[in-house]
Amino acid sequence: MSEPLDAILPLFHRISDLTHTAALLEWDQEVWMPDSAAASRAHQIATLRSIAHEFATSDELAAKIGDLAEYASANPEDDLAVSLARVATRDFQQATKLPTSFVATLAEAESLAKSTWRVARESDQFALFQDDLARVVDLNREKAALLGFDEHPYDALLDLYEPDLRASQVSTLFEALRSELVVIVATLSGLADGRAAPLHRYFEPDVQLEVGRRVVEKIGFDFTAGRQDLSSHPFCTTFSITDVRVTTRVDENFFPSAFYGLLHEMGHALYEQGINPRLERTPLADGTSLGMHESQSRLWENQVGRSRGFVEHVHPQLCSAFPEALSTVSAGEFHRAVNAVTPSLIRVEADEVTYNLHVMLRFELEVALFEDRLSVAELPEAWNDLSEAYLGLRPSNDAEGVLQDIHWAMGGFGYFPTYTIGNLMSAQLFKKAAADIGDLDEQFRAGQFSPLLDWLRENVHRFGRSRSADSILRTVTDQGLTAAPWLAYIRKKYADLYGTDL
Ligand code: ZN
């Protein structure tokens, strides 16, 4: 190993250990922590995170990143040094561009907005939230200016989640996708026929957890390097490549909540468990972008989990686990049920086809806000208009509309597009995997998941952040981000499922 790399690794290890320990406390907060510990836990997490931030913005680290970058440019064949220099430089610049006083002001404004958002949503009064949201938007404009951008202030925020992607690229992609999707959704919603009914029955919660655990273990989630627990909002978190945790929530009267939620989180976890152990405790031991991360969760949840082959594989297990709910439901009926398309007002309840329209609506409003074409006061009306135009549904109140997500209260502008980007990437990767390793549906039917998992490990997971999402896509599929494979997948699958032309 080179001298500059040797010198910087202990600094990376220290930052990684501190941030992952904070993440462990956050996981505990959601899973086990008693309510009374909220204040003390907030202090503990803040202390660890602020020490990590001090190290991550220190002069010592800056000097060693400089040495590493110099070495990397003289030794372009040293992959690890080159990737580390690129990613560490980027992280350092991002960590130091925002003055500490600004970070504190922003954190306070977002924390306040989160509390008023909760009250506003419960009482369905956007007016209670409006001023705090306007403040968060203003501060995020300032944040974009501090971070810097070439074309559009939104780019600076998008870049935090999807490095190097521009708002203009997202707009072009989304516009083309939307015009086709609106027609597909209108066609399918005209055919709504109650096919999802078998999912709305009683499913014993403990049995749901047991079945889910069996299935994700069979697919390849390593329980010696991870856990599954309950929490009110499902998530996946990582403390090291050998300790990746997923959480689930169970709805005893709606089967997909736990089962498909778990497949989703497991997809995130497989990505983290598949990172090259050599990258452990460095900034490279993470997913390369939120879009790429979401591509892994959506791939296992939808392309695999809602495929005919997979459903036929799990159907006998589900029937013996839930004889009352499913004994008269055939594999074909179950497959139709888990793929029912019904436009709805709430994003997190949306099916695979309508989901992206929810995302596009939010993206358009965010860009309009940052271009000053829309004021915060006009948001509820603008939301409802777009909902009607895209989904054919107009919210009757703001709780079902503009108040449904926490993201804006938290200042997460630029985050929403990564959900759709993940869907598009998942289809690009899945198409190429099928071309490389044969009839995937047949493999799933036979309970064979390792060919696909091994392919993902080889082509995506192992790199962590050492390759960008764009570079992975181009290397694997010969193309950058595009909507064509996802649209083709949707058209074929739902034309068959609904017996119609799409
Ligand atoms: Zn996800």
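Rules used throughout
Residues numbered from 1 in each chain as written. Predicted model: local features only at pLDDT ≥ 70, side-chain atom pairs only at ≥ 80, totals over all residues. Heavy atoms only, no water. Pairing = 2+ DSSP bridges. Helix = DSSP H or I, 4+ residues; strand = E, 2+ residues; numbered from the N terminus. Axes fitted to C-alpha atoms, helices over the stretch in contact; angles between N-to-C directions. Contact = heavy atoms within 4.5 Å. Donors = N, O, S within 2.8 Å, 3.2 Å for Na, K, Ca; no water. Buried < 20%, exposed > 50% of the residue type's maximum accessible area, 1.4 Å probe, protein only. Domains from an automatic or database assignment. Buried area = accessible area lost by both parts, 1.4 Å probe. Salt bridge = Lys/Arg side-chain N within 4 Å of Asp/Glu carboxyl O. Polar contact = N/O pair within 3.5 Å; in protein donor to acceptor, adjacent residues only side chain to side chain. Nonpolar A, V, L, I, M, F, W, Y, C, P; charged D, E, K, R; others polar. Parallel < 35°, antiparallel > 145°, perpendicular 65-115°, else oblique. Left-handed = near helix turned anticlockwise from the far one by under 90°. Patch = residues over 30% accessible without salt bridge, like charges linked within 9 Å, V, L, I, M, F, W, Y side chains within 5 Å. Areas by Shrake-Rupley, 256 points an atom, 1.4 Å probe, with all protein chains shown as cover. Lys, Arg positive; Asp, Glu negative; His and termini not counted. Charge placed at Lys NZ, Arg CZ, Asp CG, Glu CD. Expected span 1.5 Å × (residues − 1).

## Considering the sheet that holds strand β3 (residues 243–248)
Link 1 in the chain: Judged by pairing direction, the sheet is mixed, and its 3 strands sit side by side in the order β1-β3-β2 without closing on themselves. The open sheet is flanked by β1 (226–230) and β2 (236–240), the only strands paired with a single partner. Shown here is a sheet whose adjacent strand axes are inclined to one another by a mean of 20°, direction ignored.
Link 2 in the chain: The pairing of β1 with β3 spans 5 bridges and is parallel. Note that in β3 the partner of R227 across the bridge is R245.
Link 3 in the chain: Docked against the sheet, helix α1 (residues 3–31) engages β1, β2 and β3, running at close to 140° with respect to β2.
Link 4 in the chain: Against the sheet, helix α10 (residues 256–273) makes contact with β1, β2 and β3, and its axis sits at roughly 165° relative to β3, the strand it touches most.

## Some points on the coordination of the zinc ion
Link 1 in the chain: Within the protein, H264 (NE2), H268 (NE2) and E294 (OE) serve as the donor atoms for the zinc ion, at 2.1 to 2.3 Å.
Link 2 in the chain: Donor residues for the zinc ion, ordered by position in the chain, follow H-x3-H-x25-E. Highlighted residues: H268 in helix α10 and E294 in helix α11 (residues 290–304), separated in sequence by 26 residues. Here the two residues H268 and E294 agree in accessibility, since each one is buried.

## What about the pairing of β2?
Link 1 in the chain: When you tally the buried positions in β2, you get 4 out of 5 residues, the bulk of the element.
Link 2 in the chain: The pairing of β2 with β3 spans 4 bridges and is classified as antiparallel. Along β3, the bridge assignment pairs T238 with V244.
Link 3 in the chain: Here β2 hands over to β3 after 2 residues, the two strands then running antiparallel side by side.

## As for the domain arrangement of the chain
Link 1 in the chain: Considered domain by domain, the chain is made up of domain 1 (3–123) and domain 2 (167–498).
Link 2 in the chain: Spacing between the C-alpha centres of domain 1 and domain 2 amounts to 27 Å.
Link 3 in the chain: Both faces considered, domain 1 and domain 2 share a buried interface measuring about 2,400 Å² in area, 63% of it formed by carbon and sulfur atoms.
Link 4 in the chain: Looking only at domain 1, the three residues that lose the most surface to domain 2 are W27, L80 and W117, adding up to 25% of its buried area.
Link 5 in the chain: Taken together, the links from domain 1 to domain 2 amount to 2 salt bridges.
Link 6 in the chain: Across the salt bridge formed by D17 and R281, the nearest N and O atoms sit 2.7 Å from each other.
Link 7 in the chain: Taken together, the connections running from domain 1 to domain 2 amount to 7 residue pairs in polar contact (both at pLDDT 80 or more).
Link 8 in the chain: Of all the secondary structure elements, the ones that give two or more residues to the side of domain 1 that touches domain 2 are α1, α4 (79–97) and α5 (100–123).
Link 9 in the chain: Among the elements that line the side of domain 1 that touches domain 2, the one with the most residues is α1, at 11 residues.
Link 10 in the chain: For the side of domain 1 that touches domain 2, the class distribution of residues is 13 nonpolar, 4 polar and 9 charged.

## A short note on the pattern of salt bridges
Link 1 in the chain: A complete count under the given rule lists 34 salt bridges for this structure.
Link 2 in the chain: Taken together, the shared-partner salt bridges in this structure form one network comprising R308, E312, D441, E442 and R445.

## Overview of the packing of α1 against helix α2 (residues 38–56)
Link 1 in the chain: Running from N to C, α1 and α2 cross one another at 160°; their axes reach a closest spacing of 9 Å. With respect to α2, the axis of α1 lies roughly antiparallel. Crossing hand, α1 versus α2: left-handed. Here R14, I15, L18, T19, T21, A22, A23, L25, E26, D28 and Q29 of α1 lie close against α2, whose contacting residues are R41, Q44, I45, L48, R49, I51, A52, F55 and A56.
Link 2 in the chain: For the contact of α1 with α2, the residue count by class is 11 nonpolar, 4 polar and 5 charged.

## Describing the environment of L80
Link 1 in the chain: For L80, the location among the structural elements is in helix α4.
Link 2 in the chain: Here the alpha-carbon distance between L80 and P163, two residues 83 residues apart in the chain, equals 19 Å.
Link 3 in the chain: Aside from chain neighbours lying at most four places away, what touches L80 is L5, R278, L279 and L284.

## A word on a negative patch on the surface
Link 1 in the chain: Taken together, the side chains of E204, D206, D251 and E252 present a region of like negative charge at the surface.
Link 2 in the chain: For E252, the position within the fold is in the loop between β3 and α10.

## Things to note about α11
Link 1 in the chain: With 15 residues, α11 should reach 21 Å at 1.5 Å per residue; the first-to-last C-alpha distance of 20 Å fits that figure.
Link 2 in the chain: In terms of burial, α11 is a largely internal element, 14 of the 15 residues being buried.
Link 3 in the chain: Between the side-chain oxygen of the N-cap and the backbone nitrogen of G291 there are 3.4 Å, and the N-cap of α11 in question is S289.

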